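Coordinate analysis (summary)
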Amino acid sequence: MEKIQSLTGMMDLIANKADKDHEANRIFQTEEILRDVFKNYSISEIRTPALEDSSLFKRSVGDTSDIVNKELYSFLDKNDKSITLRPEGTASVIRSIIEKKIDNETNKFWYLGPMWRYERPQKGRYRQFNQAGVEILGYPEGIAELEIVSIICTINKVLGIENSILKINHLGNKESKQNYCDALKKFLMPLSSRLDEKDLQRLKTNPLRVLDSKSPETQEILKEGPKINDYLTNESLDILNLIKNTFSNDCLIQIDHSLVRGLDYYTGFVFEAISSSLGAQNAYLGGGRYDELSKQLGGKDLPAIGMAIGIERLALLAKTYKDNKTLVSFIIISSKIEPKAYKIAHKLRSINNSINIDVQISDGSLKSKLRRANKDNAAYALIIGEDELKSENIIVKSLLDENSEQLVISFKDIESFIKKIK
Ligand code: HAM
């Protein structure tokens, strides 16, 4: 019969005990470490549904963004309502706090989960991928910017990320942004015959996005064009310098006035962290301030700033492994169920936090169970057969040291042996 395969660009993540460097392990460990960082910063968790009303993303991420234009997974449900698998988390968080009527409060939230974008899959780019995000709500421009960059520097440090640059820019306040967009339009309009279809469209709907163009011709033209920094107020330039100087010892930060983000809701400070170790898809996190979004979605006037991390990309860069616990393989060799032996394993599991105990449940031979223990990189095998059950002893085999003798330890003394394992 024909086998059913996973969808293009969607990965199964299957943990692998033996290979710490395995992609799934790296992703799971990275997620655990991120959760710890968020808790350290006293940020609360928020979990929103994967499916939302399609209009949410059109009104937030924006009609002119690539995400809404061509990457949404949208469907009609059984009631003919258009619903969409979320392509990102920010819009859902704001929808949720407006709905719960907490859009007048200050809050810090984190989330972690799958997102969906119908993109052309390649290394580091998937149609289902995982994001961890942070949204800091209710704080105007200032300390909240520092808090977000502090979280980014901490993540880089705890995961041992090297070759990373945090690019930062400011899109200006309402007035300066408008002035700059007008100047850009005025400059580009007479040259529009040299722009491709996509850039022409951007010029009409959201001129700032032209700066993000992949066309070499457009980039050449832009060299002569107006620069955003000439339009920024001193306050906006000051905040960029403040951020750069505050973290100069922790993170490599570069002010890049050509940085504009692919989502429409940004209003001020924006950033992206890139790494040369990632290849073409080099941004492993991005974000910025989005002070208008709450109002745009029908909520209160709520200043906000946030970021999201691409977990698969961050996991490729991460160097630190959290799960370095010693594995003990517990092998019961018997033709029938042995509750007495199982009870020992149950008890041992609660007495040493730095070890994991894997009870091999199948009724295979000792040889096959030892092979499995070796494959999983277990440090010890604890073996109980019919003879050991009678004599109330356990055989302890060290699997990492071929020369060590196996020990016979009584049921009574096994707890103190297990306690000592590091
Ligand atoms: P974004 O830049 O669209 O921002 O996505 C954030 C990160 O998600 C990217 O830097 C990248 O690492 C990862 N990512 C995006 N698309 C893919 C993909 N197809 N495959 C793998 N990884 C991907 C946002 O989503 C905003 N919501 C960030 C934000 C939060 N702004 C304010 N608050």
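Please refer to the structure placed before this passage.
Only a predicted model underlies this, so the values are computations on that prediction, with no experimental measurement involved.

Examining the overall build of the protein
For the protein, the helix and strand inventory stands at 15 helices and 16 strands. Taken along its principal axes, the extent of the C-alpha atoms in the protein is 90 × 55 × 45 Å. For the protein, buried positions account for 50% of its 422 residues. Counted over contacts in the protein with a minimum sequence separation of 6, partners at least 24 positions apart contribute 69%. Accessible surface, the protein as shown: approximately 22100 Å² in total, 49% of it carbon and sulfur.

Points about the sheet that holds strand β13 (residues 355-360)
Read from one edge of the open sheet, 5 strands run β13-β12-β14-β15-β16, paired in mixed fashion. Looking at the sheet topology across the chains shown, the edges are occupied by β13 and β16 (407-410). Averaged over all pairs of adjacent strands, the angle between strand axes in this sheet comes to 25°, irrespective of strand direction. Direction of pairing for strand β15 (residues 393-398) relative to β16: antiparallel, over a ladder of 4 bridges. Across the sheet, residue Asn393 finds its bridge partner in β16, namely Ser410. Most of the contacts of helix α13 (residues 366-375) go to strand β12 (residues 326-332), to which it runs at about 170°, and overall it touches β12, β13, β14 (380-384) and β15.

Let's talk about the site of the ligand
Glu88, Glu119, Tyr126, Arg261 and Tyr266 are the nearest of the 26 residues found near the ligand. Between a nitrogen atom of the ligand and a side-chain N or O atom of Glu88, the distance comes to 2.5 Å. Backbone polar atom of Ala283 to an oxygen atom of the ligand: 2.9 Å apart, as the coordinates give it. In the complex, 95% of the free accessible area of the ligand, which totals 660 Å², lies under the protein chains. Only β6 (128-137), β10 (283-289) and β11 (304-310) provide two or more residues apiece to the shell around the ligand. The element best represented in the shell around the ligand is β10, accounting for 6 residues. Split into classes, the residues belonging to the shell around the ligand amount to 11 nonpolar, 8 polar and 7 charged.

Re the packing of helix α1 (residues 23-40) against helix α5 (residues 143-158)
Two elements in contact, α1 and α5, have axes separated by 11 Å at closest approach and are oriented at 140°. If you check the angle between α1 and α5, you find them oblique. α5 is crossed by α1, and the crossing has right-handed handedness. Across the interface between the two elements, Ile33, Leu34, Val37 and Phe38 from α1 touch Ile151, Thr154, Ile155 and Val158 from α5.

Some thoughts on the pattern of salt bridges
Proximity of charged atoms lets side chains of opposite charge pair with each other. A complete count under the given rule lists 26 salt bridges for this structure. In this structure, Asp376 and Lys17 form a salt bridge, with 3.8 Å as the shortest nitrogen-oxygen distance. One end of the pair, Asp376, is in the loop between α13 and β14; the other, Lys17, is in the segment before α1, and 359 residues separate them in sequence. For Asp376, a relative accessible area of 5% gives the class buried. Given a relative accessible area of 46%, Lys17 falls into the partly exposed group. Its salt-bridge partner being Asp66, residue Lys198 comes within 3.6 Å of it at the nearest N-O pair. Of this pair, Lys198 sits in helix α7 (residues 197-205) while Asp66 sits in helix α3 (residues 66-70), and the two are 132 residues apart along the sequence. Each of Lys17, Asp358, Arg372 and Asp376 takes part in a single network of salt bridges with overlapping partners.

Quick look at helix α6 (residues 174-188)
Taking 1.5 Å of rise per residue, 15 residues should cover 21 Å, and α6 covers 21 Å from first to last C-alpha, within 8% of that figure. Along α6, the positions that sit buried rather than exposed are Ser176, Tyr180, Cys181, Ala183, Leu184 and Leu188. For α6, the angular spread of the buried residues around the axis is 165°, confining them to a single face. Exposed and oriented more than 90 degrees from the buried face of α6 are Lys174, Glu175 and Lys186. In the core, the buried residues of α6 are packed alongside α7 and α8 (216-223).

Points about the environment of Leu211
Looking at the element boundaries, Leu211 is found in the loop between α7 and α8. Residue Leu211 is classed as buried on the basis of its relative accessible area of 10%. Considering only alpha carbons, one finds Leu211 and Val260, 49 residues apart in sequence, at a separation of 6.8 Å. Leaving out residues up to four positions away in the same chain, Leu211 has contacts with Tyr180, Leu184, Gln219, Leu222, His257, Ser258 and Val260.

Some thoughts on the environment of Tyr380
Inspection of the secondary structure puts Tyr380 in strand β14. For the pair Tyr380 and Phe417, spaced 37 residues apart in sequence, the C-alpha separation works out to 11 Å. Other than its neighbours up to four places away in sequence, Tyr380 contacts Leu327, Val328, Ser329, Val396, Lys397, Ser398, Leu399, Phe417 and Ile421.

What about helix α12 (residues 339-348)?
Taken together, the buried positions of α12 are Ala341, Ile344, Ala345 and Leu348. For α12, the angular spread of buried residues about the axis comes to 95°, placing them on one side. Away from the buried face of α12 by more than 90 degrees, exposed residues Pro339, Lys343 and His346 are located. In the core, the buried residues of α12 are packed alongside β12, β13, β14, α14 (386-391), β15 and α15 (414-420).

Calculation criteria
Residues numbered from 1 in each chain as written. Predicted model: local features only at pLDDT ≥ 70, side-chain atom pairs only at ≥ 80, totals over all residues. Heavy atoms only, no water. Helix = DSSP H or I, 4+ residues; strand = E, 2+ residues; numbered from the N terminus. Buried < 20%, exposed > 50% of the residue type's maximum accessible area, 1.4 Å probe, protein only. Contact = heavy atoms within 4.5 Å. Areas by Shrake-Rupley, 256 points an atom, 1.4 Å probe, with all protein chains shown as cover. Pairing = 2+ DSSP bridges. Axes fitted to C-alpha atoms, helices over the stretch in contact; angles between N-to-C directions. Near = heavy atom within 4 Å. Polar contact = N/O pair within 3.5 Å; in protein donor to acceptor, adjacent residues only side chain to side chain. Nonpolar A, V, L, I, M, F, W, Y, C, P; charged D, E, K, R; others polar. Parallel < 35°, antiparallel > 145°, perpendicular 65-115°, else oblique. Left-handed = near helix turned anticlockwise from the far one by under 90°. Salt bridge = Lys/Arg side-chain N within 4 Å of Asp/Glu carboxyl O. Expected span 1.5 Å × (residues − 1). Arc of directions from axis to C-beta.

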